[in-house]
Structure formats: structure tokens, C-alpha cells
Amino acid sequence: MNIIFAEITGNLSSAFGLLGAALGVGLIGTKAAESVGRNPGASGKILVQAIIGMALAEGLGILALFLAK
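Read on for a plain summary of the structure.

1. Quick look at the overall build of the chain
Along the backbone of the chain there are 2 helices and 0 strands. The C-alpha radius of gyration of the chain comes to 17 Å, more than 25% above the 11 Å expected for a compact globule of 69 residues. Each principal axis of the C-alpha atoms in the chain carries an extent, and together these give about 60 × 15 × 5 Å. Out of the 69 residues belonging to the chain, those deemed buried represent 17%. Here the chain has roughly 5200 Å² of accessible surface; of this, 74% comes from carbon and sulfur atoms.

2. Considerations on the environment of A68
By the element assignment, A68 lies in helix α2 (residues 43-68). Residues A68 and G37 lie 31 residues apart in sequence; the distance between their C-alpha atoms is 39 Å. Those residues in contact with A68 that lie beyond four places of it in its chain are G10, S13, S14 and L63.

3. A closer look at the environment of G20
Position of G20 relative to the elements: it lies in helix α1 (residues 2-38). The class of G20 is partly exposed, set by a relative accessible area of 41%. For the pair G20 and E58, spaced 38 residues apart in sequence, the C-alpha separation works out to 9.4 Å.

What counts, and at which threshold
Along each chain, residue indices are assigned from 1 in the same order as the chain's sequence is written. Since the coordinates come from a predicted model, pLDDT governs what is reported: local features require at least 70, and pairs of side-chain atoms require 80 or more to be given and counted, while whole-chain, interface and lining totals use all residues. Calculation of side-chain values draws on the structure's entire complement of heavy atoms; hydrogens and water are dropped beforehand. Numbered from the N terminus, helices here are DSSP runs of H or I no shorter than four residues, and strands are runs of E no shorter than two. The globule rule used for comparison is 2.2 Å times the number of residues to the exponent 0.38, while the radius of gyration itself is calculated over C-alpha atoms. Burial classification: accessible surface area is computed with a 1.4 Å probe over protein chains only, and a residue below 20% of its type maximum counts as buried, one above 50% as exposed, and the rest as partly exposed. Only the protein chains shown count as cover for residues, and all accessible areas are computed by the Shrake-Rupley method using a 1.4 Å probe. The contact definition used throughout considers only heavy atoms, calling two residues in contact when any of these lie within 4.5 Å.

Here you go:
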């Protein structure tokens, strides 16, 4: 009984961590698209910052996946 409960809580923790990472990547992409729409001349700088932010968010999601289990 305790083993099943431990697996369920570990899976829920992983799911919430990955959900947070997915929401973070989505928000970064949305705001980057908005900012390029407002200032197309700065698209190169915005793209670099967005890619770095998305990579960091994905890294935290992967950490949540492996550390929660």
C-alpha cells in the first residue's frame, strides 16, 4: 500500500513539474512573438533571449521529471 502511494505522489510531482515547464515555454514563446510584432528590428536579440529562456525552463522540467521519482 505504501509503495503504491509513493509511486502516485512521485508521478504527480513529476506531472506538476513538467506542466510548469510547458506553461513557461508557452509563455516565453507568446511574449517573444508579441515583442517581435511590436519591434521587428529587434527580432534577433529577442530570439536569442527566448531560446535561452525556453532551454532553462525545459531543463527545470527535466530535473522535475528525474528528481521527483
